[in-house]
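Spelled out, the chains give:
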Amino acid sequence: MIDKKLKLQDTLDIYISEQKDGKVIITFSRMTTRERKEIVTQPFVAKFLASLDGERTAGEILKGLGDFSKEQASILLNFLKDEHFIYEAHEAPEDPRYLRQIAYFEDMILSHSGMESQRLLQQKHIAIIGCGAVTGAMVEILARAGVEKFTLVDAKKVRYSDLVRHLFCRLDDIGKYKIDILSDYLKRINNRIKTALFYDELNPNTDLNKYIGTDVDLVINGCDEPYLGHTSLKIGRFLQTKNIALYVMGGFDAHLMSSGELIIPPKTPCIDCCQQTFQKALTDWKPTYTQVEKPEQLVEYNNHNYTINKMNHFDIGGSGGLSVMSLFSANLSCMRIIQFLAGDDRLDYKTERYEYLINKGIMTSFEMVKQRAFCKVCNE
Ligand SMILES: [Zn+2]
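Described below are features of the structure shown in this document. Note that the coordinates shown come from a computational prediction; the quantities given were computed from them, not determined experimentally.

Moving on, we get to the pairing of strand E8 (residues 194–198). Across five bridges, strand E7 (residues 149–153) lies against E8 in parallel orientation. Looking across to E8, one finds that Leu 152 is bridged to Leu 197. You can see the chain leave E7, run along helix H7 (residues 178–189) and come back into E8, and the turn it takes is right-handed.

Written out as structure tokens, the structure is:
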């Protein structure tokens, strides 16, 4: 370290106060995570920090400040490096768009460098089964964060009513396959992105090996037809045997402003245990089904004009919500997913689902636990 040209992290605020005994208190405050660390030390350390310019080596700066042993210098430098307070001036990512994000990773994930977190993200492969409003937004967030490899599975075409919540869709996309639109959209964000597309509907006999190879790091299930519980069981049991993580998104109840849950075999409860926890908590809850007419039958598109058809007894049915709600769910979910993909060793293996209750202004949480009494998978 002593022969390296170093700089202070850009996200760091440093406060120095002099003490009566001649020492100084240095407070390091991370602007991003609000974490603080205080040390009581000699005034030369403060001067050293102020002198880090990325042009002179640490050794050259220390020499100008007095006589220090190599040991003293290396204790100081190792402390600063381990805390992610300094970085090597020449370090630059392959793609400069990630510079500010890497600075954030430096503060958030302390087990390795911000560059390493970014590198890990860029190596990941995510499969998304069911590309709708929430999962479409999740894919966009993850693509912008740096993930470059996606498998997209969805048989549906863009409908007029999708324009309310599917932020990747435009008017002239109506009638085209959702995954074609989503794939193009992602590639316009980052031209290194590679996608594999499957125009499939998931059914009980679907062979998941088709979509999910051993190089997949995470599967996001947003497939709520016929029912999210069933598709998640099928996918979750398959992934459990392959030690691939699953994020269950969408579908449950109204599910308008909520996270899904991240299942990481073998550390978190398995998919069966998650569903058992739900069943216990929802013993008295029964799903209600509403007849859903196709909203697009209301509207006809001809020569760039829309005509509204008169229909009697039109029942739009089901839960919908606003795009702000889909985005809220996508954002809330992706924070945890990014923490997982970037290899944060402070990730707890709690499997929780959050829901924001809009009328009460509170965030609620529901934790899923291993049902060891009945589960062979989690009992080992
Ligand atoms: Zn289990």
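Now that the structure is up, let's keep going.
What follows covers helix H2 (residues 58–65). All buried positions along H2 are accounted for by Ala 58, Ile 61 and Leu 62. Axial view of H2: buried residues confined to an arc of 95°, hence all on one face. Exposed and oriented more than 90 degrees from the buried face of H2 are Lys 63 and Gly 64. At its buried positions, H2 is contacted by strand E1 (6–8), helix H1 (43–51) and helix H3 (70–82). Where H2 ends, the next residue or the one after it, Gly 66, has phi of about 135°, a positive value.

Binding of the zinc ion to the protein goes through Cys 270 (SG), Cys 273 (SG), Cys 375 (SG) and Cys 378 (SG), at separations of 2.2 to 2.3 Å. Around the zinc ion, the four donor atoms sit at angles spanning 102 to 116°, and that spread fits a shape best called tetrahedral.

Cis peptide bonds are those with omega within 30 degrees of zero, and the linkage from Pro 265 to Pro 266 qualifies with -5°. The backbone of His 84 sits at a positive phi, close to 60°, despite the residue not being glycine. In this structure, Asn 243 takes a positive phi of about 55° despite not being glycine. Locating Asn 243 in the fold gives a position in the loop between helix H8 (228–242) and strand E10 (245–248).

What counts, and where the lines are drawn
Residues numbered from 1 in each chain as written. Predicted model: local features only at pLDDT ≥ 70, side-chain atom pairs only at ≥ 80, totals over all residues. Heavy atoms only, no water. Pairing = 2+ DSSP bridges. Helix = DSSP H or I, 4+ residues; strand = E, 2+ residues; numbered from the N terminus. Right-handed = clockwise from strand over helix to strand, strands pointing away. Buried < 20%, exposed > 50% of the residue type's maximum accessible area, 1.4 Å probe, protein only. Arc of directions from axis to C-beta. Contact = heavy atoms within 4.5 Å. Donors = N, O, S within 2.8 Å, 3.2 Å for Na, K, Ca; no water. Tetrahedral: all angles 85-135°; square planar, octahedral: opposite > 155°, others 65-115°.

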